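As a plain string of letters, each chain reads:
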Amino acid sequence: MADGQGVLGVVVMAYGTPASPDDIEAYYTHIRRGRPPEPAQLAELTARYEAIGGTSPLAQRTEAQRLALADALQARRPSGTQVVLGQKHAAPFIEDAVAALAAEGVDRLVGLVLAPHFSGFSVGEYQRRLSAAAEQHGMASAGVESWHLEPSYLGFLAGAVEEALRALPERTKVLFTAHSLPERVLAGDPYPEQPRQSAAAVAEMVGLDRWAGWSLCWQSAGRTPEPWRGPDILEVVRDLAATGRADGVLVCPQGFVSDHLEVVYDLDIEAKAVADELGLAFARTRVLNDDAATFAALADRVLDLDPSDR
């Protein structure tokens, strides 16, 4: 084993995705906390993956992001960091990542969730699992809580919006989206406000009018009977068409940092189909993936949290 003495362990944390169509049921069961999905639920999710080619590009995108962070850290602290992947719903799990670092003799770590906006229900769970695993191995740990106002990220989003708007009608509304969450978990949580803050910052950078030029909406709500945060993007697209307030829509999925099911299916297929049916021009912005400038900034944040320096 390599000597981990003095090395900072970094756990890049992501949601995870099925490695192949054969893994979809086990993946879905893990999301449902051990309860297998009903046949209709499994069939629906499988059909969504089939519509985008059988599997999601998330695994490849996540690995590229891990490498981007590792390269940025290497440039700042040569041979001083070890970057591994830990996932929420697919192997290697967060606990696996921490155990692997501990086996290398690493005694401190920092976690970075590949999601810019903090919620106790989502990012908070990643961080709690990381902290519990680190404590089990006697490791000091810290975590980047949110990075929704990171200037490099906002700059990336602004550039992506400006680029996409060039090919759309003058009366195009920009819809900034983030993943919806159940209303029951949002009381007192910072999550609803953080996407609004980042959207407003990007809109100001681009020069979008607050009412005619942009709005915040939500997407990919779970299929449960309880209320989820809205308005849903599909409702907003229908409303824009019904009122005639826009000739086109540009979706900026600011809450997502890689191409995956919620972007490639929920937006590129589902939302586009609604816009096409209603006669609205439709596009979405490119997402972050492994943007070097943003991951360089995130590397700085990781190093600022090194437990040995605090």
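These lines cover the structure that appears in this document, whether it is placed above or below. Being a predicted model, the structure only gives us computed values, none of them experimental.

## Some points on the sheet that holds strand β5 (residues 172–179)
Within a sheet, adjacent strands bond to each other through the backbone by hydrogen bonds, running parallel or antiparallel. Pairing is parallel across the open sheet formed by four strands, whose spatial order is β6-β5-β7-β8. The sheet is open, and its two borders are formed by β6 (214–219) and β8 (281–284), each paired with just one other strand. This sheet shows a mean twist of 25° between the axes of neighbouring strands, independent of strand direction. Relative to β8, strand β7 (residues 248–252) runs parallel, the two being bridged by four bridges.

## Re the pattern of salt bridges
Tallied over the full model, the rule gives 22 salt bridges. A salt bridge links D300 to R76, with the nearest nitrogen and oxygen atoms 2.6 Å apart. Highlighted residues: D300 in helix α11 (residues 292–304) and R76 in helix α3 (residues 58–76), separated in sequence by 224 residues. Among the residues examined, R76 registers a relative accessible area of 36% and is labelled partly exposed. When salt bridges with common partners are traced through the structure, they connect E44, R48, R223, D266 and E270 into a single cluster.

## Focus: the pairing of strand β3 (residues 108–113)
Among the six residues in β3, six count as buried, and that is most of the element. Burial of β3 is two-sided: the residues R108, V110 and L112 facing one way and the residues L109, G111 and V113 facing the other way are all buried. With five bridges connecting them, strand β1 (residues 8–14) and β3 associate as parallel partners. Within the sheet, the bridge partner assigned to V10 lies in β3 and is V110. When β3 meets strand β4 (residues 140–144), the two strands line up parallel, connected through five bridges. The residue of β4 that forms the bridge with L112 is V144. The β-α-β motif built from β3, the intervening helix α5 (residues 123–136) and the parallel element β4 has right-handed crossover chirality.

## Thoughts on the packing of aromatic side chains
Applying the stated criterion across every chain yields a total of three aromatic pairs. An angle of 70° between the planes, with centres 5.2 Å apart, marks the rings of W147 and Y153 as edge-to-face. For the pair formed by W147 and Y153, the shared burial category is buried. Ring geometry for Y191 versus W218: centroids 5.7 Å apart, planes at 50°, classification tilted. Of this pair, Y191 sits in the loop between β5 and α7 (193–206) while W218 sits in strand β6, and the two are 27 residues apart along the sequence. The pair formed by Y191 and W218 is uniform in burial state, with each residue classed as buried.

## As for the state of the cysteines
Going through the model one piece at a time under the given rule, you end up with zero disulfides. With no disulfide partner, C217 has as its closest neighbouring cysteine sulfur the one in C252, 11 Å distant. Given the relative accessible area of 0%, C252 is considered buried.

Parameters at a glance
Residues numbered from 1 in each chain as written. Predicted model: local features only at pLDDT ≥ 70, side-chain atom pairs only at ≥ 80, totals over all residues. Heavy atoms only, no water. Pairing = 2+ DSSP bridges. Helix = DSSP H or I, 4+ residues; strand = E, 2+ residues; numbered from the N terminus. Axes fitted to C-alpha atoms, helices over the stretch in contact; angles between N-to-C directions. Salt bridge = Lys/Arg side-chain N within 4 Å of Asp/Glu carboxyl O. Buried < 20%, exposed > 50% of the residue type's maximum accessible area, 1.4 Å probe, protein only. Right-handed = clockwise from strand over helix to strand, strands pointing away. Phe/Tyr/Trp six-rings, centres within 6.5 Å; stacked < 30°, edge-to-face > 60°. Disulfide = S-S within 2.5 Å.

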